[in-house]
Amino acid sequence: MIKLTHNPTSPFVRKAMLVVIEAGLADRIQLVQADPWNPDDPLAETNPLGKVPALVASDGSLFTGSALVCEYLDSLHDGRKLFPEEPSARWRALQLHGLADGVIEAAVSRIYEQLRRPADKQWEDWIDRQNGKIARTLDLVERMAAAGELADEPSIGELTLASALGYLDFRYPEMAWGAGRPALTAWYEGIKERPCVAQTQPALPQ
């Protein structure tokens, strides 16, 4: 059985779960709940980096980082590959993956600043910098969506973008990222109906 560390608020974990469901691997995966911010959590015994997601394969091999975890998962099934093999499709998927991953990294960096640092020590310029990264990248992806470059049958790029936009809705609803981005909004409304996306909405632990 493959073990995958899981946290219901992590957009990086959600990426992995999108691949698990999209690739039909759910019955081969054991989810192990983990809290990277809890010093008593045994996560560090699995992943010395103390980060999620981490995957332990059936042979005990450790895979860390969401990109590596997702590509390993994609190697375990015989269906349509989420990391395409044909060069031009692969580069397109990885290009979008990189942009969407950057949005996630900026959004998570901002939430760390706001939730993990005392209010009187929060760096507003840092928060503004992350907001700028997000806005500029979404403007670029809006142009891609308007040009029809976002696929209905998702690659790892589209799945990562879905995770990024869902995380913005979850953590920063006041950002209203869809305002002025009609093509991206329409694409997102469509992919939200896909089972892998609908089943993995982020949520605070009960």
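Before reading further, recall that the structure is shown in the block above.
Read on for an overview of the structure. (Residues numbered from 1 in each chain as written. Predicted model: local features only at pLDDT ≥ 70, side-chain atom pairs only at ≥ 80, totals over all residues. Heavy atoms only, no water.)

## Things to note about the overall build of the protein chain
Here is step 1: A tally of helices and strands in the protein chain yields eight helices and four strands.
Here is step 2: N-terminal to C-terminal, the α/β element order of the protein chain is β-α-β-α-β-β-α-α-α-α-α-α.
Here is step 3: Along the first, second and third principal axes, the C-alpha set of the protein chain runs to 50 × 45 × 30 Å.
Here is step 4: Here the protein chain has roughly 10,500 Å² of accessible surface; of this, 53% comes from carbon and sulfur atoms.
Here is step 5: Taking the average place of the 21 positive charges on the side chains of the protein chain and the average place of its 29 negative ones, the gap between the two points comes to 3 Å. (Helix = DSSP H or I, 4+ residues; strand = E, 2+ residues; numbered from the N terminus. Areas by Shrake-Rupley, 256 points an atom, 1.4 Å probe, with all protein chains shown as cover. Lys, Arg positive; Asp, Glu negative; His and termini not counted. Charge placed at Lys NZ, Arg CZ, Asp CG, Glu CD.)

## Here's the deal with the pattern of salt bridges
Here is step 1: Here the structure, examined in full by the defined rule, presents 10 salt bridges.
Here is step 2: Across the pair Arg194 and Glu22 runs a salt bridge, and its minimum N-O distance is 2.8 Å. With Arg194 in the loop between helix H7 (182–191) and helix H8 (195–198) and Glu22 in helix H1 (residues 11–22), this pair connects stretches of sequence that are 172 residues apart.
Here is step 3: For the salt bridge of Arg90 with Glu71, the shortest nitrogen-to-oxygen distance reads 3.1 Å. With Arg90 in helix H4 (residues 87–116) and Glu71 in helix H3 (residues 66–74), the pair connects residues that are 19 residues apart, well separated along the chain.
Here is step 4: Among the residues examined, Glu71 registers a relative accessible area of 34% and is labelled partly exposed.
Here is step 5: Taken together, the shared-partner salt bridges in this structure form one network comprising Glu22, Arg80, Glu153 and Arg194. (Salt bridge = Lys/Arg side-chain N within 4 Å of Asp/Glu carboxyl O. Buried < 20%, exposed > 50% of the residue type's maximum accessible area, 1.4 Å probe, protein only.)

## A few points about unusual backbone geometry
Here is step 1: With an omega of 0 degrees, the peptide bond running from Val52 to Pro53 counts as cis.
Here is step 2: Counting through the fold element by element, Pro53 comes out in the loop between helix H2 (43–46) and strand E3 (54–56).

## A short note on the pairing of strand E2 (residues 29–33)
Both faces of the sheet carry side chains from a regular strand, because those side chains alternate between them.
Here is step 1: When strand E1 (residues 2–6) meets E2, the two strands line up parallel, connected through five bridges. Across the sheet, the residue bridging to Thr5 is Val32, located in E2.
Here is step 2: Handedness of the crossover is the feature at issue here: the chain leaves E1, passes through H1, returns alongside E2, and the resulting connection is right-handed. (Pairing = 2+ DSSP bridges. Right-handed = clockwise from strand over helix to strand, strands pointing away.)

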